[in-house]
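# Summary of the model geometry
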Amino acid sequence: METQKLNHFDEKGNAVMVDVTEKAETERQAVARGTIHVTQEIYDAVAAGTVHKGDVLGTARIAGILATKQTPHLIPMCHPLLLSKAAIDFELHEESLSIDAICTVKLKGQTGVEMEALTGVSVALLTIYDMCKALSKTMEIGEIHLERKSGGKSGLYVREETV
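First things first, this report covers the structure right here in the doc. In this text the structure is predicted, and so the values were computed from the model without any measurement.

## Section: the environment of M17
Within the secondary structure layout, M17 lies in the segment before β1 (26-37). Separated by 68 residues in sequence, M17 and K85 place their C-alpha atoms 23 Å apart. M17 has contacts with M77, C78 and H79, leaving out every residue within four places of it along the chain.

## Some details on the packing of helix α2 (residues 56-74) against helix α3 (residues 114-132)
Axis separation between α2 and α3 bottoms out at 7 Å; the angle between their running directions is 140°. By the angle class used here, α2 and α3 are oblique. Classified by chirality, the crossing of α3 by α2 is right-handed. Listed contacts from α3 to V56, L57, T59, A60, A63, G64, A67, T68, T71 and L74 of α2 are M115, E116, T119, G120, V123, A124, T127, I128, M131 and C132. Split by residue class, the contact of α2 with α3 holds 12 nonpolar, seven polar and one charged.

## Observations regarding the nonpolar core
What tends to happen in soluble globular proteins is that the nonpolar side chains get buried as a cluster. Formed by 30 residues in total, the largest nonpolar core has its most connected members in V46, V56, F90, I128 and C132. Those elements giving two or more residues to this core turn out to be β1, α1 (40-48), α2, β2 (85-93), β3 (98-109) and α3. Counting residues per element, this core draws most heavily on α3, which supplies seven residues. Non-local contacts of I128, meaning those with residues more than four positions away in its chain, are made with I36, V56, L57, A60, F90 and I99.

## Points about the layout of surface pockets
The method is simple in principle: a probe with the dimensions of a water molecule rolls over the atoms, and the space it marks as empty is what remains. Roughly 150 Å³ of volume is contained in the second largest pocket. What lines the second largest pocket is R33, T35, H93, S96, S98, D100, E143, H145, E147, R159 and E161. Among the secondary structure elements, those contributing two or more residues to the lining of the second largest pocket are β1, β3 and β4 (140-150). Ranked by residues supplied to the lining of the second largest pocket, first place goes to β4 with three residues. Counted by class, the lining of the second largest pocket contains no nonpolar, five polar and six charged residues.

## Examining the environment of A60
If you trace the backbone, A60 turns up in helix α2. Among the residues examined, A60 registers a relative accessible area of 0% and is labelled buried. For the pair formed by A60 and M131, sequence separation is 71 residues and the distance between their alpha carbons is 8.9 Å. Sequence-distant contacts of A60, defined by excluding residues within four places in its chain, comprise F90, A124, T127 and I128.

## Focus: the sheet that holds strand β5 (residues 157-158)
Strand order in the open sheet formed by five strands is β2-β3-β1-β4-β5, and the pairing between neighbours is antiparallel. Strands with a single pairing partner mark the edges of an open sheet, and in this sheet they are β2 and β5. For β1 and β3, the ladder comprises 12 bridges, and the chain directions are antiparallel. Looking at β3, one finds that T26 is bridged to G109.

What counts as what
- Residues numbered from 1 in each chain as written.
- Predicted model: local features only at pLDDT ≥ 70, side-chain atom pairs only at ≥ 80, totals over all residues.
- Heavy atoms only, no water.
- Helix = DSSP H or I, 4+ residues; strand = E, 2+ residues; numbered from the N terminus.
- Contact = heavy atoms within 4.5 Å.
- Axes fitted to C-alpha atoms, helices over the stretch in contact; angles between N-to-C directions.
- Parallel < 35°, antiparallel > 145°, perpendicular 65-115°, else oblique.
- Left-handed = near helix turned anticlockwise from the far one by under 90°.
- Nonpolar A, V, L, I, M, F, W, Y, C, P; charged D, E, K, R; others polar.
- Core = buried A, V, L, I, M, F, W, Y, C linked by side-chain atoms within 4.5 Å.
- Buried < 20%, exposed > 50% of the residue type's maximum accessible area, 1.4 Å probe, protein only.
- 1 Å grid on protein atoms, 1.4 Å probe; cavity = no way out; pocket = protein on both sides within 12 Å on 5 of 7 lines; lining within 4 Å.
- Points joined across faces, edges and corners; volume = space filled by probe spheres on them.
- Pairing = 2+ DSSP bridges.

What follows is the structure in structure tokens.
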């Protein structure tokens, strides 16, 4: 397997934003996922839509979408991108008292959208925490990972499940 040279550094070792000028525009998509583990009380309130602060998943969806568009303001070497799609979906798992956030980001451009998808998931989960912390502060956020990406020179990546 060929090792890939990291190009976030110049010849003097200084951190730089990658020059994508010569890269071809391709359709690029990334899907990221993360989980928040909650209490039974929080799970029931989110599922029923009875959290005092309002529509938790609706608010988290909007926050996650907004976050995808703010990624270059948070992560220094990310390029500002014109996203063509940013979506947040949720899966509720009563047996494990958890909620998964899934972020899909898409564009046609010269660089990928993995960081935007990961940022969207992270902020969506943080929003759930913020809206539910009055019920319990024992929630845990984790398992944030890239599930899939397509486009660009490296092509398709699909995460293999690890158990």
